[in-house]
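The lines below spell out each chain.
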Protein chains: 2
Amino acid sequence: MPQLRKDPITGRWVIIATERAARPTDFIREPVVPQSGRICPFCPGNEDRTPPELLAYRNGQHSSSNWSLRVIPNKFPALRVEGSLDSRGDGIYDRMNGVGAHEVFIESPDHYHTLAEAPETHLEQLFWAYRERVLDLRKDRRLVYVLLFKNHGEVAGATLDHTHSQLIALPVVPKRVQEEMDGALRHYEYRGRCIYCDILAQEVDDGSRVVLDTEHFLAFSPYAPRFPFETLVLPKRHASHFEATEDAGLVKNLAWVTRLLLRKFDKLLERPAYNLVLHSAPVQDGPLAHYHWHLEITPKLTRIAGFETGTGFYINPTSPEQAAHYMREAGMP
Amino acid sequence: MPQLRKDPITGRWVIIATERAARPTDFIREPVVPQSGRICPFCPGNEDRTPPELLAYRNGQHSSSNWSLRVIPNKFPALRVEGSLDSRGDGIYDRMNGVGAHEVFIESPDHYHTLAEAPETHLEQLFWAYRERVLDLRKDRRLVYVLLFKNHGEVAGATLDHTHSQLIALPVVPKRVQEEMDGALRHYEYRGRCIYCDILAQEVDDGSRVVLDTEHFLAFSPYAPRFPFETLVLPKRHASHFEATEDAGLVKNLAWVTRLLLRKFDKLLERPAYNLVLHSAPVQDGPLAHYHWHLEITPKLTRIAGFETGTGFYINPTSPEQAAHYMREAGMP
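Quick caveat: nothing in here was measured; it's all calculated off a predicted structure. (Residues numbered from 1 in each chain as written. Chains lettered and ligands numbered in written order. Predicted model: local features only at pLDDT ≥ 70, side-chain atom pairs only at ≥ 80, totals over all residues. Heavy atoms only, no water.)

**Structural notes on the overall build of chain A**
Across its full length, chain A carries six helices and 15 strands. Over its C-alpha trace chain A gives a radius of gyration of 20 Å, about what one expects of a compact globule, namely 20 Å for 333 residues. Reported as C-alpha extents along the three principal axes, the dimensions of chain A are approximately 60 × 50 × 40 Å. Looking at chain A as a whole, 61% of its 333 residues qualify as buried. Within chain A, contacts between residues at least 6 apart in sequence are counted, and of these 70% link residues at least 24 apart. Accessible area of chain A: about 12,900 Å², with a carbon and sulfur share of 50%. Here chain A holds 39 positive side-chain charges and 43 negative ones, and the gap between their average locations is 1 Å. (Helix = DSSP H or I, 4+ residues; strand = E, 2+ residues; numbered from the N terminus. Rg over C-alpha atoms; globule rule 2.2 N^0.38 Å. Buried < 20%, exposed > 50% of the residue type's maximum accessible area, 1.4 Å probe, protein only. Contact = heavy atoms within 4.5 Å. Areas by Shrake-Rupley, 256 points an atom, 1.4 Å probe, with all protein chains shown as cover. Lys, Arg positive; Asp, Glu negative; His and termini not counted. Charge placed at Lys NZ, Arg CZ, Asp CG, Glu CD.)

**A look at the packing of helix H4 (residues 248-269) of chain A against helix H6 (residues 320-329) of chain A**
Residues and elements named next belong to chain A. Where H4 contacts H6, the two axes come as close as 9 Å, and the packing angle between them is 95°. On the basis of the axis angle, H4 is roughly perpendicular to H6. Contacts from Leu 261, Lys 264, Phe 265 and Leu 268 in H4 reach Tyr 326, Met 327 and Arg 328 in H6. For the contact of H4 with H6, the class distribution of residues is five nonpolar, no polar and two charged. (Axes fitted to C-alpha atoms, helices over the stretch in contact; angles between N-to-C directions. Parallel < 35°, antiparallel > 145°, perpendicular 65-115°, else oblique. Nonpolar A, V, L, I, M, F, W, Y, C, P; charged D, E, K, R; others polar.)

**Examining the sheet that holds strand S7 (residues 101-106) of chain A**
All names here are of chain A. Reading across the sheet, the ten strands line up as S3-S4-S7-S9-S8-S13-S14-S12-S11-S10 and stay open at both edges, with antiparallel pairing between neighbours. Here the strands that pair on one side only, and so sit at the sheet edges, are strand S3 (55-58) and strand S10 (210-213). Averaged over all adjacent pairs, the angle separating strand axes in this sheet is 15°, with direction ignored. With four bridges connecting them, strand S11 (residues 217-220) and strand S12 (residues 231-235) associate as antiparallel partners. Residue pairing for S12: Phe 220 is matched across the bridge by Leu 232. Relative to S10, H6 is tilted by about 45°, and along the sheet it contacts S10 and S12. (Pairing = 2+ DSSP bridges.)

**Regarding the sheet that holds strand S2 (residues 13-16) of chain A**
Read across the sheet, five strands follow the order S15(A)-S2(A)-S1(A)-S6(B)-S5(B) without closing on themselves; strand pairing throughout is mixed. The open sheet is flanked by strand S15 (314-316) of chain A together with strand S5 (88-90) of chain B, the only strands paired with a single partner. Here the average twist between neighbouring strands, direction ignored, is 30°. In terms of strand pairing, strand S1 (residues 3-6) of chain A meets S2 of chain A through four bridges, oriented antiparallel. Residue pairing in the sheet places Gln 3 of chain A in a bridge with Ile 16 of chain A of S2 of chain A.

**Some thoughts on the side chain of Arg 259 of chain B**
All names here are of chain B. If you trace the backbone, Arg 259 turns up in helix H4 (residues 248-269). Polar side-chain contacts of Arg 259 include one of 2.8 Å to the backbone oxygen of Ala 118. The residues touching Arg 259, leaving out its near neighbours within four places in the chain, are Ala 116, Glu 117, Ala 118, Pro 119, Glu 120 and Leu 123. (Polar contact = N/O pair within 3.5 Å; in protein donor to acceptor, adjacent residues only side chain to side chain.)

**A few points about the relation of the copies chain A and chain B**
Rotating chain A by 180° and translating it 0.0 Å along the rotation axis places it on chain B, where the RMSD comes to 0.0 Å. Put plainly, the chains are arranged around a two-fold axis. With an isologous cut-off of 70% or more, the 99% of interface residues of chain A that recur at the interface of chain B puts this contact in the isologous class. (Least-squares fit on C-alpha atoms with pLDDT ≥ 70 in both.)

**Some points on the packing of aromatic side chains**
Aromatic ring pairs: the centre-centre distance and the angle between the two ring planes describe each pair. Scanning all chains against the criterion turns up 18 aromatic pairs over all chains. Plain terms: the ring middles of Phe 105 of chain A and Tyr 130 of chain A are 5.0 Å apart, the flat faces sit at 85° to each other, and that makes the pair edge-to-face. With Phe 105 of chain A in strand S7 and Tyr 130 of chain A in helix H1 (residues 120-137), the pair connects residues that are 25 residues apart, well separated along the chain. Classification of Phe 105 of chain A by relative accessible area gives buried; the value is 0%. Accessibility expressed as a relative area gives 2% for Tyr 130 of chain A, which makes it buried. Above the plane of the ring of Tyr 223 of chain B lies Arg 5 of chain B, whose end atom (NZ or CZ) is 4.4 Å from the centre. The ring centre of Trp 67 of chain B lies 5.9 Å from the NZ or CZ of Arg 70 of chain B, which sits over that ring. (Phe/Tyr/Trp six-rings, centres within 6.5 Å; stacked < 30°, edge-to-face > 60°. Lys NZ or Arg CZ within 6 Å of the ring centre and 35° of its normal.)

**What about the confidence of the model for chain A?**
Overall, the predicted model of chain A reaches an average pLDDT of 93, with 97% of residues at or above 70. Scored as a complex, the prediction yields pTM 0.94 and ipTM 0.91. (pLDDT = per-residue confidence, 0-100.)

Right under this line is the structure:
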C-alpha cells in the first residue's frame, strides 16, 4: 500500500509510492564527468577572465594563480549591490529593486576534481569560506538572508563544469526557509522545544533512516522526502546560524560527512547530478531557540513534473528507509 | 535593475532578472513531436491494453474503438481506492495509507494530434470529462482534493506521447493549493473581497500583462511569475469550484482560450513541453467566497536548479510584461 507522509515542519504531504519501489539502479542516469573544453574561466591562469576576487585562500607564495579556493562576483548577477531598495506598492502588488549579492565559490583549482573527489581539506576550506562571506555580507543591513547552494551537473542547473558553488544575498527571506521558520516556531510555542532537536532524538532512537551518526552531525533520510535519496545533515548541538560556527572540529566533521555522502551517491547512483542547499536563520536575527541550521543534499534522479511544481505535492518512489539502507550499505567509498 | 516582486496570494518573492532578459528565441528548445513507436496503449484498437475504462465519449455506433475521449485508471497508480485511511502518528510524524485515485484522460484517438492541434471540440469534451470525473469522485467522502493536470512532452514529465492528462484524488489538500487558500482567506478577512477578483480588475485596468480578454476568461502573465511565459486563465465571474460549472458557453470559451494559448506557445517557443494544472477548491467544501478556480499553464523552458526547489525562490529571466507582449504579438495561429 502506498503511504502518505507529512513533513512535520512545513506540513507538506508526500506519497511514498512503495508499489513503484525504485532501487538505485532503476533511475535514468547521466553520470556527471567534468569535460575539458574551451578555456575555463575558473582554472588557474585565467584569473583575469573573472571579475576581481572577493576572497581567496592561498598557501605560501602569493602568485595570483597559486590559490586553493577563490570567491568572485557572478559575472551575470541576478541581483546587484548598488542602489536602494525602493520598496513600494503597485496597486495590490509589492515590489522592490533587486538589491543583493550573487557570488561564486571556485572550490578547487583542479578542473577535473568533483567536490566528492577533492581532498577533504577542500571541503573544509569551502565551509570556512561560506562562513567568511556571510559574516562580511551581513554587515549590510539591507541583506536579510544569505543563500548558499551548489548545483552539480547540467541537469541540476550547473552551467560550468569546474566545481563551484554559489551565494545569493537577499533583502527578503525565501519562502521555503520562512515556512520552515514558521513551522518550527509553532512547534516551539506549543512544546517549548526545537522541532529539529526532537527529530534528531527520534531519528537516532529509530535508526531506520540514519545514514551517518558522527560526533557533531546526523545524516539521515527525512521522514517525508520529496525526492529519492534526499539527505539531511543536521548538527547535533542546537544552533540557528551556520555562520556562528567557530569550532574547527565541527567544520572538519561537516567536511568529512558531506564528502562521504557525495562519495556514497557517486558509488550507488553512478555520479549523479545533485543539489546542495544550506538552510540557516536570517542573518540579521540573533540566535533563535526554535530554528536549527542544516544541509539538504538531493541527487537529481527524477524529472520534476508539472503537477509537482503546480501543486507542491510530490510522489517519491523510494522510501527513506530504503534509501538510508542503500546508503549505509554503500560503505566508505 | 533587476526587480523583486511578491506574489500577493502566497507571499512568494521572485527575481525578475531583466538584465538577463530572455526573448522567446533565447531558450534551449526540444520541440515536442509525437513519435510513432511500439504499440501505443492509448490508440483505438488497443483498448484491451488498458484497465477497463471509467468514462468514454462515443458518437454514433458503440464499437469499443469508436471513441473521442476515454478515461481509464492509471496502470501504475500512485494511490489506491481500496482500503482505509488508517491515519496515525509515528512519534512526532504523521502518516496515513495512500488511499485515493489516479486516472488518465486519453484526450483524442489521434496519436499524432497534440492538444493544440486537436479540434476545439476535443478540448471542450476534455473539460466536460474533467468535471464529470470530479463529480463522481467527490461522492467518496474520504477524498478531499482532486488534482487535474497535464504533462506535455518528456521534459515536462510525460512518459507516453499520445496526448493525455491525469487526475489524482487525495485525502489531503496539496500544499500549494492550501497556501493559495490561506492567502486568499487573509485577503478576504481584511478587505472583504476575493483577491483573484481584485487581481482580475487590476490586470484588466493595467493591460500590460493581459494576453487574452474574452467574454468569460482573462488569460494573463501573473505579476510575480516563477517561470518565463507562465500564464494564468481566470474565470471572470467568481467561482471557487471548477466542477460547479454548468454553462456550456463558458466551457466552450475555456476550450477556445486554452487552445489558442497552446497554439501561441507552439508558434513562439517552437512546440515547447508544458504543464497545465487546474487549481480548484477542495471538493467536499461548499462554495467559497474567498477562493477562485483557475488554470496555470507553464511552458518548460528552463531547468529548475536546486536552489529553486531548495528554497522556493525563483529567478525569472523574462518579465511578465515582455512575455504578455510576445504572446499578444503571436496573433491567432
